[in-house]
Amino acid sequence: MTQGKGKGPSLQVSLILRISNSLLKLASRASNPLPHLQLSSHLDALPSTNKHFPPTPPPPPFPQFSLYYKSLAFPPFASPLSPLQGPLAPTSIMCGIFACHKHPEVHKFKPQALQLAKAVRHRGPDWSGNIISNNTILTHERLSIVGIDSGAQPLVSDDGTIFLAVNGEIYNHRILRKQLKPEVTFRTHSDCEVILHLYPNHGINTPKLLDGMFSFVLYDAKNDRTIAARDPIGITSFYQGWSSKTPGAVYFASELKCLHPVCDKIVSFPPGHIYDSVTKKTTRYFEPTWWDPKMVPSTPVDYKLIRTTLEKSVRKRLMAEVPYGVLLSGGLDSSLIASIAARETAKAKAKAGVINGSAIPHELVGIDDEDDSTVTALPELHSFSIGLPGSPDTIAAKRVAKFLGTVHHEFNFTLQEGLDALRDVIYHLESYDVTTIRASTPMYLLSRKIKALGVKMVLSGEGSDEIFGGYLYFVNAPSKDEFHDETVRRVKHLHLSDCLRANKSTAAWGVEARVPFLDKQFLEVSLNVDPAEKLITKERIEKFILRKAFDTSNEPDTKPYLPDNILWRQKEQFSDGVGYGWIDALKDTAEKMVSDEQMKSPKPEWGDDVPDSKEGYWYRCMFDEQFPAQCAPTVMRWTPKWSKATDPSGRAISTHVARYDQ
């Protein structure tokens, strides 16, 4: 083992020190305070003397890396005796869940349940835990974003009767803590623990109070009741299943691969809904004013409100105790998020009087009543982009990064590297949709590079095109009413397309993507604007009102958010922007892989869901090789509206400056 250029212990040495310290703490702790519970960890590498607070192996330290022309220098790794550690250290978690309610032979089922949970360990490589109570089992694979030694799940109430497994982040947890009764005692600083304390008084209305991205399964042992819920838009992936072999049981998981070995019926759990085992019904709890697309809004655009609401949304999502970054394609959406994140990071550092590499003293991270956000580790903001050499996105991203002053990391991939990754991409996406696979492949490759640098959380720009009608086919909308209807439909289906891509492409490597455009408050503002303001015309480029909201040309005292040539850059779908040769290579390869005879004779089990291109046929075959037939109904194919083109690429639209026919 070597020392890291005079910057302290090497990665291996620091890792050994942290694990050793955790083991010493573990050995010194008291026995399980709730011995009547079957609460355990299922990692064999470390013992679990105290099964209520199993230790979590630390993330790797962050030595200096040299990458291309930039140096990545993260803050010094916390010492083994860091005061931020311990059972009350803050914890924020993006993870993997598997659960089963009312299994007839739950103890015999447990070994299989742990193997099924292991199928999503890529989502939570830091620790594993499980509980059995009555005939219900909850398992959890943890990715720690905030805190190291605490917050292992499932979480348990003080009286040992309520159990909770959560995947996600609750951004308003500090506000909710203040609203709870004074006698409520929190055992951890986990943002997710508030759910345990909200449930006794609010029941199935609990998710209405949460501001965040989440999917969770909660078991109430006293009433033998399980509730399961998913965030309003479906940013976190979540599925529900049933088996004819165990007709009284119901299963839940973060990904299909956990369910299909035991379930013969599987559905994508609907966003904004909650399941209650008492009624066996799934009902919608999310009731925004914009939900009915036939209720066309007439509110004039408020540019300042759009700006301030998006800024607040980004601020919320800087809740982390690990180095974070932004996915920067150089397009409008990711560039705006990067710009706001850079400003908010600088403001937080200035307010706390810290410099790069220093930590802000705190008790709880997250937004409070005054809209302030505390972030423990505040290095320089890092940005990440990927593309083929010389691609439109990487060129634009470099320009944005220079303007914002981020430490930028540009990665290139070859066409062959992308093609070689396709089968793995489909395995992690659990989809055969053409446009999702095209865009996910570079994102999947980029996420692996990001994780290798020690970064666990990134901000991303998904959702803007659905909200503002940014896809180029919106230029063909016949009326403002139909324009609005399509934006609402797209937002409601994000969990089957862009949210699925962002969540699973990053989670495949243990990275969490947060999406500020899909904040509940921002949706309420932006989807209630008169759609006439969003129409694409000769005078107005797509997403005009979003661009205008951040145009400071008439504000001489305000620093520009972006250069004009980025703020007013035409929309590029990610699969196009990484390099036009990428889609061309996919089409050319599919032409070789699928014959004309195969296209004429699709598989009978596909029914009406027959691919309309050789590329789609190729992806469907790779999907079928990895997933059984009961998984296919969870997939939605993304297709543009008001267009005769069957290809989902933006270059198939006549208004694209680099359209196919040029």
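Residues numbered from 1 in each chain as written. Predicted model: local features only at pLDDT ≥ 70, side-chain atom pairs only at ≥ 80, totals over all residues. Heavy atoms only, no water.

The name given to the protein in an unreviewed UniProt entry is asparagine synthase (glutamine-hydrolyzing), with the source organism recorded as Tuber aestivum.

Visitor: Explain the pairing of strand E5 (residues 96-101) here, please?
Guide: Two faces, one strand: in a regular strand the side chains alternate between the faces of the sheet. Among the 6 residues that make up E5, 6 are buried, leaving the element largely enclosed by the rest of the structure. Across the two faces of E5 the burial is the same, with Gly96, Phe98 and Cys100 and Ile97, Ala99 and His101 all buried. Alignment of E5 against strand E7 (residues 136-142), held across 5 bridges, turns out to be antiparallel. By the bridge assignment, cysteine 100 is partnered in E7 with isoleucine 137. With 4 bridges joining them, E5 and strand E15 (residues 246-253) adopt antiparallel strand pairing. Considered in E15, the bridge of phenylalanine 98 is made with alanine 253. (Buried < 20%, exposed > 50% of the residue type's maximum accessible area, 1.4 Å probe, protein only. Helix = DSSP H or I, 4+ residues; strand = E, 2+ residues; numbered from the N terminus. Pairing = 2+ DSSP bridges.)

Visitor: Please explain the UniProt feature "binding site: L-glutamine" (unreviewed entry) in the protein as it appears in this structure.
Guide: Here, the residues flagged by UniProt with the feature "binding site: L-glutamine" (unreviewed entry) are Asp191. Look at aspartate 191 and you get buried, because its relative accessible area is 1%. Separated by 2.8 Å, the side chain of aspartate 191 and the backbone nitrogen of isoleucine 170 make a polar contact. (UniProt positions renumbered as here; feature names shortened; annotations may be inferred. Polar contact = N/O pair within 3.5 Å; in protein donor to acceptor, adjacent residues only side chain to side chain.)

Visitor: Would you take a moment to explain the packing of aromatic side chains for this structure?
Guide: Pairs of aromatic rings are described using the distance from one ring centre to the other and the angle between the two planes. Per the stated rule, a full pass over the model turns up 29 aromatic pairs. A ring pair is formed by phenylalanine 163 and tyrosine 219, whose centres lie 6.3 Å apart and whose planes are at 15°; its orientation type is stacked. With phenylalanine 163 in strand E10 (residues 162-170) and tyrosine 219 in strand E12 (residues 212-220), this pair connects stretches of sequence that are 56 residues apart. Classification of phenylalanine 163 as buried rests on a relative accessible area of 1%. (Phe/Tyr/Trp six-rings, centres within 6.5 Å; stacked < 30°, edge-to-face > 60°.)

Visitor: Explanation requested: the sheet that holds strand E19 (residues 324-327) in the structure shown.
Guide: Backbone hydrogen bonds are what pair the strands of a sheet, in a parallel or an antiparallel way. Reading across from one edge, E23-E22-E19-E24-E25 is the order of the 5 strands in this open sheet, with parallel pairing throughout. Each edge of the open sheet carries a strand with a single partner, namely strand E23 (407-412) and strand E25 (512-514). When the angles between neighbouring strand axes are averaged without regard to direction, this sheet yields 30°. Here 3 bridges tie strand E24 (residues 457-459) to E25, and the two strands are oriented parallel to one another. Bridge pairing in E25 places leucine 459 opposite arginine 514. Of the strands in this sheet, E19, strand E22 (382-387), E23 and E24 are in contact with helix H10 (residues 434-452), which crosses E22 at around 140°. (Axes fitted to C-alpha atoms, helices over the stretch in contact; angles between N-to-C directions. Contact = heavy atoms within 4.5 Å.)

Visitor: Before we go on, may I ask you to explain the nonpolar core in this structure?
Guide: As a rule of thumb, nonpolar side chains are buried together in soluble globular proteins. Core analysis: the largest hydrophobic core is formed by 78 residues, its most contacted members being Phe216 and Ile233. When residues of this core are assigned to their parent elements, the largest contribution, 7 residues, is made by helix H7 (residues 332-352). Split by domain, the residues of this core number at least three in each of domain 1 (96-284) and domain 2 (303-353 + 363-483 + 510-523 + 543-578 + 603-656). Discounting chain neighbours no more than four positions away, the residues touching isoleucine 233 are Pro271, Phe286, Trp290, Val491, Leu494, His495, Cys499, Leu518 and Leu523. Within the second largest apolar cluster, 65 residues are counted, among which are Val120, Ala249, Ile437 and Leu586. (Core = buried A, V, L, I, M, F, W, Y, C linked by side-chain atoms within 4.5 Å. Domains from an automatic or database assignment.)

Visitor: What is the right way to look at the confidence of the model for the protein in this model?
Guide: Note: predicted coordinates in regions of low pLDDT should not be interpreted at a detailed level. Residues of the protein with pLDDT of at least 70 account for 78%, and the chain-wide mean is 84. Below pLDDT 50 for its whole length, residues 1-39 participates in 76 contacts with residues either more than four positions away or in separate chains. Residue range residues 41-91 is modelled with pLDDT below 50. Its contacts to residues more than four positions away, or to other chains, number 156 contacts. (pLDDT = per-residue confidence, 0-100.)

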